[in-house]
Structures are given as C-alpha cells and as structure tokens.
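Tertiary structure, described
Residues per chain, in single letters:
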Amino acid sequence: MAPSAASGVSSLPSGFAVFTTFPDLLFIFEFVFGGLVWILVSSSHVPIPLIQGWVMFASVFCFVATTVLAFLYVIGAHGNRTSWITLDAAYHCVAALFYFGASVLEALVTIELQDGFFYKYYHENISAVVFSYVATLLYVVHAVFSLIRWKSS
C-alpha cells in the first residue's frame, strides 16, 4: 500500500492484500524456497553434523517465522502500528543473515563432497545450495524494501 499522505506513515497491508503488495509478495516465495531448502537439507548427507545443524536451524526458523509473520499480517494483528514495521525490517535482516551463513556453509560442504565416495549425495547438495542462495536473495531484497518502508514511517 502507498504511504498515507496525511500522516506520512507507511501502512502494512492486512488480509490477503499482503500477497498483492511489494515487498510483502515475497512472503510466498520465501515460504516456497525456504521449504525446499528445509526438505533438501534434511534429506541430504552432510558429513559435519554441526554444519547440518546450523543449516537446518536457519531454514526451519526462517520457514516457521515467515509463516507466522505472514499469518499475523493476513489476520491484521499489526493494527498498522509502527512497531510492526520495525519488527518486519529487523526480522528480514536477521533472516537474511541466517540464510547467508547457512548458504555459505552448505556450499563449503558441497565442495568437499565433490570428491570421494560421497559423490551420490553431491547433486542433492547442489540443489540445496542453489535454493539456499535463492532464499537468501529473497530475504535480502525483502529486508532492503522493509528497511525503506521503516525509514519512511
């Protein structure tokens, strides 16, 4: 939605209008690609449990938090308060950082799997890395536009 001319405050959409405005339309893509990352990482073979644990934590946390935040927007729980604009910007910045770290670690493990007897898992891990970087890009774009909305509020 466009900023209110009288108050100068950006408003957050409510109802299913959440999925028709930018950057809130990105919730759908974050949900889809985050779910793909979660599925691929949970079914892939990562020989270092700590790395797989972080990647799983980041993908599950972001998937659940994005789902909850989108649901709260749909039911209009924000009441157009400025604190929700701040929450949205902060969450998407943290999610972008989490996903970036997870993507780098997943790529590192995938490079190590290229040689040796783990080759059969290599293609599955490549898919996880690609979708993880796509999810990272989506969260970064959403964070940038959320910060722009936050600054104008």
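Residues numbered from 1 in each chain as written. Predicted model: local features only at pLDDT ≥ 70, side-chain atom pairs only at ≥ 80, totals over all residues. Heavy atoms only, no water.

Moving on, we come to the pattern of salt bridges. One pass over the structure, following the stated rule, counts one salt bridge. The partner of Asp-88 in a salt bridge is Arg-149, and the shortest N-O contact between them spans 3.3 Å. Placement of the pair is Asp-88 in helix H3 (residues 82-113) and Arg-149 in helix H4 (residues 119-152), with a sequence separation of 61 residues. Looking at Arg-149, the relative accessible area reads 10%, which means it is buried. (Salt bridge = Lys/Arg side-chain N within 4 Å of Asp/Glu carboxyl O. Helix = DSSP H or I, 4+ residues; strand = E, 2+ residues; numbered from the N terminus. Buried < 20%, exposed > 50% of the residue type's maximum accessible area, 1.4 Å probe, protein only.)

Counting 26 residues, the largest nonpolar core has Val-41, Cys-62, Leu-69, Tyr-91, Tyr-99 and Tyr-139 as its most contacted members. Of all elements in the fold, only helix H1 (26-43), helix H2 (49-74), H3 and H4 reach the threshold of two or more residues within this core. Considering every element that reaches this core, the biggest residue donor is H2, with nine residues. Among residues more than four places away in sequence, those in contact with Leu-69 are Phe-27, Trp-84, Leu-87, Asp-88, Tyr-91 and His-92. (Core = buried A, V, L, I, M, F, W, Y, C linked by side-chain atoms within 4.5 Å. Contact = heavy atoms within 4.5 Å.)

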